[in-house]
Structures are given as structure tokens and as C-alpha cells.
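# Notes for the structure review
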Amino acid sequence: MLVLAQIIISFGVSVGGSLSPRYSREIILANEIELSIITSLSTAISIIAMIPAAAISDRIGRIPPLLAHEILVVATQFSYAIAQAPIHLILVSILGGIGAIGIPGFRALQTELMPQEHRVKLLSLYSFISSLAAIPGPLISSLIWESSSLGPRIMFVISGFLVLPTAIVVYTSVKETLRKPHEKSMLQPMEAGNRK
Amino acid sequence: MSFYTTRTHYLQLNKQQDSVLSLKEKLRQTIISQTNIQALALTGTIAAVATSSINYISQHFMREALGLDLTELGGILTVALLASSLVSVGGGLLADKYGRKLTLILGIAFCCIGAILYFITETVIELLTTVLLSTLGTSIILSTMTAMTAESVTDRKRASAFGIVETLRAVGSVVGPMVAGWMWIIYGIRSPFLFAFTMYLLAFIGVLLLLKETHKGEKHIRTFPGNYQR
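Quantities reported herein were computed from a predicted structural model and do not represent experimental measurements. (Residues numbered from 1 in each chain as written. Chains lettered and ligands numbered in written order. Predicted model: local features only at pLDDT ≥ 70, side-chain atom pairs only at ≥ 80, totals over all residues.)

## Observations concerning the overall build of chain A
This is how it is decided: Put simply, DSSP marks the helices as runs of H or I at least four residues long and the strands as runs of E at least two long, and each gets a number from the N terminus on. Buried residues are those with 20 or more other C-beta atoms within 10 Å of their own C-beta, exposed residues have 12 or fewer, and partly exposed residues lie in between; C-beta atoms are placed from the backbone. A pair of residues counts as a contact when their C-beta atoms, built from backbone coordinates, are separated by no more than 7 Å.
In terms of regular secondary structure, chain A is built from ten helices and zero strands. The order of α-helices and β-strands along chain A, N terminus first, is α-α-α-α-α-α-α-α-α-α. Across its three principal axes, chain A shows a C-alpha extent of roughly 60 × 30 × 25 Å. Looking at chain A as a whole, 41% of its 196 residues are labelled buried. In chain A, 84% of the contacts between residues at least 6 apart in sequence involve partners at least 24 apart.

Right, dumping it as C-alpha cells:
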């Protein structure tokens, strides 16, 4: 299920994200400084947000921050579609940066669901599938940009609607992997080594 | 009666000794685990600085130094990315079979060779080999480091460990292009590759000296706290 979710997210985000710099430049008419702010602000916010989000993920579980991440990704795509001025895109970029709160929990969930003997192999396969899923995105968004009578904004709406089912898929089918505090600690090496 | 008292006393002593031993072992595991996360964060950041500086400069390098047009550039990048992602699954197999540390060292070695080849490359074929090696190394580093981070900690601290490692990696990715851009202006377009090589070399030494193995391969016993299967 997580693989399916990743395929949908990679594809959806690549549909919206691949032409977003061109969209910012040509449709929203952002200048060079605004463009660089839009690009760097998202990374800066994600750097600030990730450590507290990771601590929260260790307390309340992997799924809630992951779900918040999915919702923020969808909100970012829809906000791109309704943005009218560069300042709106700067706010969207802040929203996108906050979206990074799901990353540490997602990595933890991903590795906890994989058996240790095949972990790296599965992680590599996972990234390969994500790369494959992202390939048709730019092509489709170019086609939408050129041919749609509704204009390039529809590209982000489609992207949002592609990512939205993922939130539902993740929320309903992926099992929470973080154990409750009263359950046995894992800091028991022999036990950890022997447990299957 | 006295026999039973002695036996109970003996058992109690044994139990106390066991608990002291287990406490010592727990402490040892915690220290190893913390050292490993620090080492992963450090080497991961250094590797991210190198990778991001190469990623930033390589497209400009391909266009300006080798004179490739946009179609050739896109073709080379797509082929290299797909091929390396596919081959990195083989790298994953190696990591699962022969251990994480060895594969991570191999991944960084690929990146080191890639950075040096970037510095001397003149033709498209050389460039393709270089991009392949670099992206293969990067994918191996990423997946192996993710697994090692997960295996170095218990599940109650796993997301926090990922938070620290990912944040520092993001900081490294911001710093890399800045240094590469500065070096490009001062020393020319090929110089950032030498910087990247130096960074990879530092990461290589860091992994070699600081990082402890978390999974020695299929035939070995696992002792790390995070080596737990649900």
C-alpha cells in the first residue's frame, strides 16, 4: 500500500511540480528575487520544521504526521492553482516547507515495514519505482499546458486530485508501526536479535 | 533449610549480576547507537554537500564546457538516472548480503571516482560513464544510510534520528551549491568537482573510522537495538 501511495504521490507531484518555475515566471509574473525566495524558503522552512516534527512522530505515531503531510501536499497544489500574485506563491512555498513534517515519520514507517534482511534492496527498489512514476509527469504537464483550454492552472488541480486519494489510502490501510510506551522496550540487544 | 537459604542467596546474587551485565550491555548499545547516529549525520551531511555541488554544477558544465544542447542533456540525465536506479537495486542486494558498511564504502568510492572523472571528462561517452557512476554511488549511499539510521536506534527514537539526519542533509544540500558557485567564479567550472571529491574523501574516511556496522549480512547475528522485525 505504501508503494502504491508513493507511486501516486511521485506521479502527482511531478505533474504539478515540473513546470512550477515556468508557471511562477510566465503566469504569476514573479521576478528573479521572488523566484529565488520561493525556491529557497521551502527548504529553509523544512529544515526548521523537521526536527520537532520527528519528535512528535516518535510520540504520537507515524501515521498522523504522514497524513498531515499528504493534506499539506494537496493544499499546496490547490493553492498554486488559485494563486494570483508572487506573494501568494511565497505563502504556498511556506506551506510546502511545513509539508516536510511527514518526512522523518515516513522514513521510519518505511524502514519498519521492511524486513531487515531485505531492507536496502527494498529501499532501492522503492526509489526506482518512484523515479519511474515521476517520468511521465513533466510530459503530461507540458501537454496540459499547451492543449488545455482551461489554462495551466488546471495542471495543479489535476495534481491535487491525484495526490488526494493517497491520503485516504495511507490513512485507511497502512498499519501504525510505533509501539505504545507500555509495550516492551526494544533496547534489549539479545531479545532484539532473537525476535522474529 | 540452610541449603535453601544459600541457594536462594546464590540465585539472587546471580540475578543481580545478570541485571548489572544487562545494564552494562544496554549502556554499551546506547553509546554505540548514539555514536552511529552522529557519524551518519556527519558523513551524510558531508556527502550531501558534495552531491549537491555536483548536481548544481554538472548541468552548467555539460552545456558550457562540453557544449551539449538541451535535448542531449535531458537524454543523458534520464538514461543515467534510470540505469543507476536499476543498478542500485543490485547495490541493495550487496548491502543485504555482505553488510551495510562495506556497501556504503563502495557507494562513496563510486562517487569519488565519479567526481574525479567529471574533472577530466572531455567527451559524451566519458560523461555518460561519469554520470552513471555518480548517480549509482548516490543511490547506494542514500538507501544504505536510510537502513543504517533505522537500525542504529530503537523505534521510540527512530523518527527523531531520521529528523536529525535529514535536516543536516538538507543543510548540506543548501551549502553545496553556494560553495560550488563561488568556486566556479573564482577557479573555473571544473574546480567544484575537486571540492566534491575532497568532500567525498572526507565522508569515506568518516565512514571508515566512525561508523559501526549495523547488519553484517545474511549469515551474521544481529546485535543492534533497531534490528527488530515485526
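## Points about helix α5 (residues 86-98) of chain A
The test is simple: Residue count minus one, scaled by 1.5 Å, sets the expected span of a helix.
The end-to-end C-alpha distance of α5(A), which contains 13 residues, comes to 19 Å, matching closely the 18 Å that a straight helix rising 1.5 Å per residue would cover. Lining the buried residues of α5(A) we find α2 (20-26), α3 (32-60) and α4 (63-82) of chain A.

## Points about the packing of helix α5 (residues 158-187) of chain B against helix α6 (residues 191-210) of chain B
Residues and elements named next belong to chain B. What counts is decided by this rule: Axis definition: a line fitted to C-alpha atoms, limited for helices to the stretch in contact. Angles are taken between N-to-C directions and run from 0 to 180 degrees. Reported orientations rely on four angle classes, namely roughly parallel under 35 degrees, roughly antiparallel over 145, roughly perpendicular from 65 to 115, and oblique for the rest. Here a crossing is called left-handed whenever its near helix is offset anticlockwise from the far helix by less than a right angle, and right-handed whenever the offset is clockwise. Any residue outside Ala, Val, Leu, Ile, Met, Phe, Trp, Tyr, Cys, Pro, Asp, Glu, Lys and Arg is labelled polar, Gly included; the first ten of those are nonpolar and the last four are charged.
For the pair α5 and α6, interaxial distance at closest approach is 8 Å and the crossing angle is 135°. Taken together, the axes of α5 and α6 lie oblique to each other. The chirality of how α5 crosses α6 is right-handed. For the pair α5 and α6, contact is made by Val179, Ala180, Met183, Trp184 and Tyr187 and by Ser191, Pro192 and Phe195, respectively. A breakdown of the residues in the contact of α5 with α6 according to their chemical character gives seven nonpolar, one polar and no charged.

## As for α4(A)
An ideal rise of 1.5 Å per residue puts 28 Å on 20 residues; α4(A) measures up with 29 Å between its terminal C-alpha atoms. Every buried residue belonging to α4(A) is among Ile63(A), Pro65(A), Leu66(A), His69(A), Glu70(A), Leu72(A), Val73(A), Val74(A), Thr76(A), Gln77(A) and Tyr80(A), and all of these are buried.

## Details of the confidence of the model for chain A
Residue and element names in this part refer to chain A. How we decide: Confidence of the predictor at the level of single residues is captured by pLDDT, which takes values from 0 to 100.
Mean pLDDT over chain A stands at 80; residues scoring 70 or higher make up 90%. Helix α10 (residues 189-194) is the least confidently modelled element of chain A, averaging 36 in pLDDT, while α5 averages 91, the highest of any element. Counting interchain partners and residues more than four positions distant, the pLDDT-below-50 stretch residues 185-196 has 24 contacts.

## Observations regarding unusual backbone geometry
All names here are of chain A. In the Ramachandran plot, Leu29 falls in the positive-phi region, its phi being about 60° despite a non-glycine side chain. Looking at the element boundaries, Leu29 is found in the loop between α2 and α3. Residue classification places Leu29 among the exposed residues on the basis of 10 C-beta atoms within 10 Å.

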